[in-house]
Amino acid sequence: MAVNLKGKSFLTLMDLSAQEIRYLLDLGHSLKAKRQMGLHGEALRGKHIVLLFEKTSTRTRCSFEVAMAEEGGRVTYLDPGSSQMGKKESMEDTAKVLGRFFDGIEYRGYDQAIVETLAKHAGVPVYNGLTDLDHPTQIIADMMTMEEHINKPLKDCKVVFVGDVRNNMCYAWMFGCCKMGVDFVGYGPQELIDGVDKTILEACKQEGAISGANITLTSDPNALKGADVLYSDIWASMGEEELIPQRAKLLTPYRIDHTMLAATGNPEVRFMHCLPSFHDFQTKLAKEWMDKGVDIREVTDEVFRSRHSVVFDEAENRMHAIKAILVATL
């Protein structure tokens, strides 16, 4: 069956079929190969999208801007300080206005309901650049990276997310894995496992029963065995800085180091991370907290810089993945 995503929003992988996700992965690989040959297309010529950012970004903004430009399209960037969204104008009204001007709308911010509201009222494709619940463009990039570095099909792989299993990256991985038949383990403290949305977890398990994916949350280190990927994220997201001391205390046993890599029993296990990462003390925040006696690193520098780490290939693949999503939908 042919895949046609034209005009469709990209809010969560739970909205897509495995065939549609497969199509985006294949398109991403193809567009990446063309770029490496110095070839750029014109699939987005005459198209103009707007980027709405309530949370700052490096990779997401650059990926959308470069992806559009390389296919002949244009971008307008708006943040809360340069627009009326959410202040003098509701998100519903914002969507209706911007949908008259632009061919697509990207949103990066907090509540998943906002990106869903935009999609409901805009009349053009809306893209989830990150919310508190999900980060779907990252998962397309991550699965592309897995296919580049792991010599077996996705459905034969096992991904272990290590740390705060309630965060948006853990949910995003559950969504992607349950759709694509990838075994997934969320490995973290029981206290945080208890905070996972039970309705979402059950929906992922039901989807996994169809695709062949096992979706598990556990604090048992034996779950590391057989992992193809150990994935981590920072321990406190934007807006949660006051929680850093207690998060560091709770999650220090889950810092990824070479001992944890060895526990997988896989000499070719890959370390992945959505970035930015606290892996040394060269950032202002990591240094300030270390001066207070709090080590906020979620991964050791040795692992981050090791042959197991593919984090910068991931970062590059954000652009190729987003380009594929834009080309497919516009």
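The notes below deal with the structure included here.

Criteria and cut-off values
- Throughout this description, residue numbers start from 1 for each chain and increase along the sequence as written.
- Given that the model is predicted, a residue must reach a pLDDT of at least 70 before its local features are reported, and side-chain atom pairs must reach 80 or more before they are shown or counted; all residues, however, enter totals for whole chains, interfaces and linings.
- To obtain the side-chain values, all non-hydrogen atoms of the structure were included, while hydrogens and water were left out.
- Definition of nonpolar core: a set of buried residues of the types Ala, Val, Leu, Ile, Met, Phe, Trp, Tyr and Cys, connected through side-chain atoms within 4.5 Å.
- For each residue, the accessible area found with a 1.4 Å probe, counting protein chains only, is set against the maximum for its type, and the residue is called buried under 20%, exposed over 50%, and partly exposed in between.
- We call two residues contacting when some pair of their heavy atoms lies within 4.5 Å.
- Strand pairing is assigned whenever DSSP detects at least two bridges linking the two strands.
- Numbering of helices and strands runs from the N terminus; a helix is a DSSP stretch of H or I covering at least four residues, while a strand is a stretch of E covering at least two.
- Under this scheme, a helix contributes an axis fitted over its contacting stretch, all axes are lines through C-alpha atoms, and angles between N-to-C directions fall in the 0 to 180 degree range.
- A pair of aromatic rings is counted whenever rings of Phe, Tyr or Trp (Trp by its six-membered ring) have centres within 6.5 Å, and the orientation is called stacked for planes under 30 degrees apart, edge-to-face for over 60 and tilted otherwise.
- Our definition puts a charge over a ring when NZ of Lys or CZ of Arg is within 6 Å of the ring centre and also within 35 degrees of the ring normal.
- In this scheme, a helix's expected span is set at 1.5 Å multiplied by one less than its residue total.
- Arc, as used here, means the arc of the directions from the helix axis to the C-beta atoms.
- Working definition: roughly parallel below 35 degrees, roughly antiparallel above 145 degrees, roughly perpendicular at 65 to 115 degrees, and oblique for all remaining angles.
- Two helices that cross are described as forming a left-handed crossing if the nearer one is turned anticlockwise from the farther one by less than a right angle, and a right-handed crossing if clockwise.
- Here the term charged refers only to Asp, Glu, Lys and Arg, the term nonpolar to Ala, Val, Leu, Ile, Met, Phe, Trp, Tyr, Cys and Pro, and the term polar to all other amino acids, Gly among them.
- Think of a polar contact as two N or O atoms within 3.5 Å of one another; within protein, one of them needs to be a possible hydrogen donor and the other a possible acceptor, and neighboring residues in sequence only count if both atoms come from side chains.
- Should a side-chain nitrogen of Lys or Arg be within 4 Å of a carboxyl oxygen of Asp or Glu, the pair is scored as a salt bridge.

## A few points about the nonpolar core
Nonpolar side chains tend toward joint burial in soluble globular proteins.
And step 1. The biggest cluster of nonpolar side chains holds 93 residues, and the ones touching the most others in it are Trp173, Phe184, Leu230 and Leu326.
And step 2. Those residues within four positions of Leu326 in sequence are excluded, and the remaining contacts are Leu44, Ile49, Phe64, Ala67, Met68 and Tyr127.
And step 3. With 17 residues, the next largest nonpolar core counts Leu78, Met85, Leu98 and Val126 among its residues.

## Quick notes on the sheet that holds strand β2 (residues 74-78)
And step 1. Across the sheet, 4 strands lie side by side as β2-β1-β3-β4; this open sheet has parallel pairing. The sheet is open, and its two edges are formed by β2 and β4 (126-130), each paired on a single side. Strand-to-strand twist of the sheet, defined as the mean angle between neighbouring strand axes without regard to direction, takes the value 20°.
And step 2. Of the strand pairs in this sheet, strand β1 (residues 48-53) and strand β3 (residues 104-108) are connected by 5 bridges, and their pairing is parallel. Of the residues in β3, the one forming a bridge with Leu52 is Tyr107.
And step 3. Helix α3 (residues 91-101) contacts β1 and β3 of the sheet and is inclined by roughly 145° relative to β3.

## Comments concerning the packing of aromatic side chains
And step 1. Tallying each qualifying case throughout the model produces 8 aromatic pairs.
And step 2. Centre to centre, the rings of Phe161 and Tyr231 are 6.1 Å apart; their planes meet at 25°, and the pair counts as stacked. One end of the pair, Phe161, is in strand β5 (residues 158-162); the other, Tyr231, is in strand β8 (residues 229-232), and 70 residues separate them in sequence.
And step 3. Relative accessible area serves as the criterion here: at 0%, Tyr231 is assigned to the buried category.
And step 4. Centroid distance Tyr187 to Tyr254: 4.9 Å. Interplanar angle 65°. Geometry classified as edge-to-face. Residue Tyr187 is found in strand β6 (residues 183-187), and its partner Tyr254 is found in the loop between α9 (244-251) and α10 (258-263); the two are separated by 67 residues along the sequence. A single burial state applies to Tyr187 and to Tyr254, both of which are buried.
And step 5. Among the aromatic residues, those joined into a ring-pair cluster are Phe161, Trp173 and Tyr231.
And step 6. A cation over a ring is seen here: Arg61 above Tyr77, with NZ or CZ 3.6 Å from the ring centre.
And step 7. Taking the ring centre of Trp289 as reference, the NZ or CZ of Lys292 above it sits at 4.4 Å.

## Quick look at helix α1 (residues 18-36)
And step 1. Over its 19 residues, α1 runs 27 Å from end to end, which matches the ideal 27 Å to within 8%, given 1.5 Å per residue.
And step 2. Three or more residues of α1 are buried, namely Glu20, Ile21, Leu24, Leu25, Leu27, Gly28, Leu31 and Lys32. Down the axis of α1, the buried set is contained in an arc of 165°. They therefore lie on one face.
And step 3. Where α1 is buried, its residues meet α5 (136-149), α6 (168-180) and α13 (311-329).
And step 4. At the exit of α1 stands Gly38, carrying a positive phi of roughly 80°.

## Structural notes on the packing of α5 against α6
And step 1. Where α5 meets α6, the closest approach of the two axes is 10 Å, and the angle between their N-to-C directions is 60°. Comparing the axis directions of α5 and α6 gives the class oblique. Two packed elements cross with a definite hand, and for α5 against α6 that hand is right-handed. Residue-level contacts link Gln138, Ile139, Asp142, Met143 and Met146 of α5 to Met169, Ala172, Trp173, Gly176, Cys177 and Met180 of α6.
And step 2. Among the residues making up the contact of α5 with α6, the classes are represented as 8 nonpolar, 2 polar and 1 charged.

## Quick notes on the side chain of Thr137
And step 1. One can find Thr137 in helix α5.
And step 2. With relative accessibility at 1%, the residue Thr137 sits in the buried group.
And step 3. For Thr137, the side chain forms a polar contact with the side chain of Arg318, separated by 3.3 Å.
And step 4. Ignoring anything within four residues of it in the chain, the contact list for Thr137 reads Phe10, Asn128, Arg318, Ala321, Ile322 and Ile325.

## Thoughts on the pattern of salt bridges
And step 1. Inspection of every chain in the model, using the stated rule, returns 21 salt bridges.
And step 2. Taking the shortest distance from any N to any O, the salt bridge between Glu70 and Arg35 comes out at 2.8 Å. A residue pair is termed long-range when its members are at least 10 positions apart, and Glu70 in helix α2 (residues 59-70) and Arg35 in helix α1 qualify at 35 residues.
And step 3. Judged by relative accessible area, Arg35 falls into the partly exposed class, the value being 32%.
And step 4. A salt bridge links Asp295 to Arg297, with the nearest nitrogen and oxygen atoms 2.9 Å apart. With respect to burial, Asp295 and Arg297 carry one shared label: buried.
And step 5. One network of salt bridges, in which partners are shared, links Arg22, Asp26 and Glu147.

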